[in-house]
Amino acid sequence: MHAQNVEILLVEDNPNDEMLALHAFKKHNLANKVHVVRDGAEALEFVFCTGVYFDRQFENPRVILLDKKLPLVDGMDVLRQVRADPRTKLIPVVMLTSSAEDRDIIESYKLGVNSYIVKPVDFEQFSETARQLGYYWLLVNKQPAE
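Within any chain, residue numbers begin from 1 and follow the written order of that chain's sequence. The predicted origin of the model limits local features to residues at a pLDDT of at least 70 and limits the giving and counting of side-chain atom pairs to 80 or more, whereas totals for whole chains, interfaces and linings rest on all residues. Note that the side-chain values use all heavy atoms of the structure and ignore hydrogens as well as water.

Attention now goes to the nonpolar core. Across soluble globular proteins, you tend to see nonpolar side chains buried next to one another. What makes a nonpolar core is a set of buried Ala, Val, Leu, Ile, Met, Phe, Trp, Tyr and Cys residues whose side-chain atoms join them at distances within 4.5 Å. Partly exposed residues are those whose accessible area sits between 20% and 50% of the maximum for their type, while under 20% is buried and over 50% is exposed, using a 1.4 Å probe and protein chains only. Membership of the largest hydrophobic core comes to 23 residues, with the highest contact counts inside it found for Val11, Ile64 and Leu66. For this core, the elements supplying multiple residues, two or more each, are β1 (8-11), α2 (40-48), β3 (63-66), α3 (75-84) and β4 (93-97). Here a residue-residue contact requires only that any non-hydrogen atoms of the pair lie within 4.5 Å. Sequence-distant contacts of Ile64, that is, excluding residues within four places in its chain, are made with Leu9, Val11, Val47, Val82, Ile91, Pro92, Val93 and Val94. With 18 residues, the next largest nonpolar core counts Leu20, Ala24, Leu30 and Val36 among its residues. Secondary structure is summarised from DSSP: a helix means a run of H or I of at least four residues, a strand means a run of E of at least two, and numbering begins at the N terminus for each.

Here it is in structure tokens:
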């Protein structure tokens, strides 16, 4: 998929979780504009149009689904950098992670996450969670005009 007109940026290093999320989006017709990156460094390159994405037209995704535990750059650092830049600080960011630790939840909200969801371990529950996420952030949620 071309990196233009991305509605969902999925930042996920676990291939199984990526597959489940993409399957759920596709099943519910929400997969047309999903872009996947597999580490925090690539997420930042995508968002800020640097590195391998230097030629991407700067356009914010409608939502970032961000894992907390990522290689190269941790999800918290990605969130911190997205919130620090005036061009990206209003992008809705959903922490979608396996960590249910109170300290991680609190830190995420202090850094400006819009939602914190612990990944369900059951296939059907994970699929339903991904469907609800896509539906809410793409169809229900009203975002400010750019």
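Still more ground to cover, so stick around.
A few words now on the side chain of Asp17. With respect to the helices and strands, Asp17 occurs in helix α1 (residues 15-27). On the basis of relative accessible area, Asp17 is assigned to the buried category, the value being 16%. N or O atoms closer than or at 3.5 Å make up a polar contact, with two conditions inside protein: a donor-capable atom paired with an acceptor-capable one, and, for residues adjacent in sequence, both atoms drawn from side chains. In terms of polar contacts, Asp17 uses its side chain to reach the side chain of Lys119, at 2.9 Å. Residues in contact with Asp17, not counting those within four places in the same chain, are Glu12, Lys119 and Phe126.

Moving on, we come to a nonpolar patch on the surface. On the surface, a cluster of nonpolar side chains totalling about 400 Å² of accessible area is made up of Tyr135, Tyr136, Leu139 and Val140. Following the sequence through the fold, Tyr136 ends up in helix α5 (residues 123-140). With a relative accessible area of 37%, Tyr136 lands in the partly exposed category. Excluding any residue in a salt bridge, patches collect residues exceeding 30% relative accessible area, merging like charges within 9 Å and nonpolar Val, Leu, Ile, Met, Phe, Trp and Tyr side chains within 5 Å. The protein chains shown are the only cover counted for residues, whose accessible areas, like all others here, come from Shrake-Rupley with a 1.4 Å probe. When a carboxyl oxygen of Asp or Glu is within 4 Å of a side-chain nitrogen of Lys or Arg, the pair counts as a salt bridge.

Let us now look at unusual backbone geometry. In this structure, Cys49 takes a positive phi of about 55° despite not being glycine. Within the secondary structure, Cys49 is located in the loop between α2 and β3. A residue is classified by how much of its surface remains accessible, and Cys49, at 12% relative accessible area, is buried. In the Ramachandran plot, Leu72 falls in the positive-phi region, its phi being about 70° despite a non-glycine side chain. Along the chain, Leu72 falls in the loop between β3 and α3. Residue Leu72 is classed as exposed on the basis of its relative accessible area of 72%.

Don't take any of this as a statement about function, it's just geometry.
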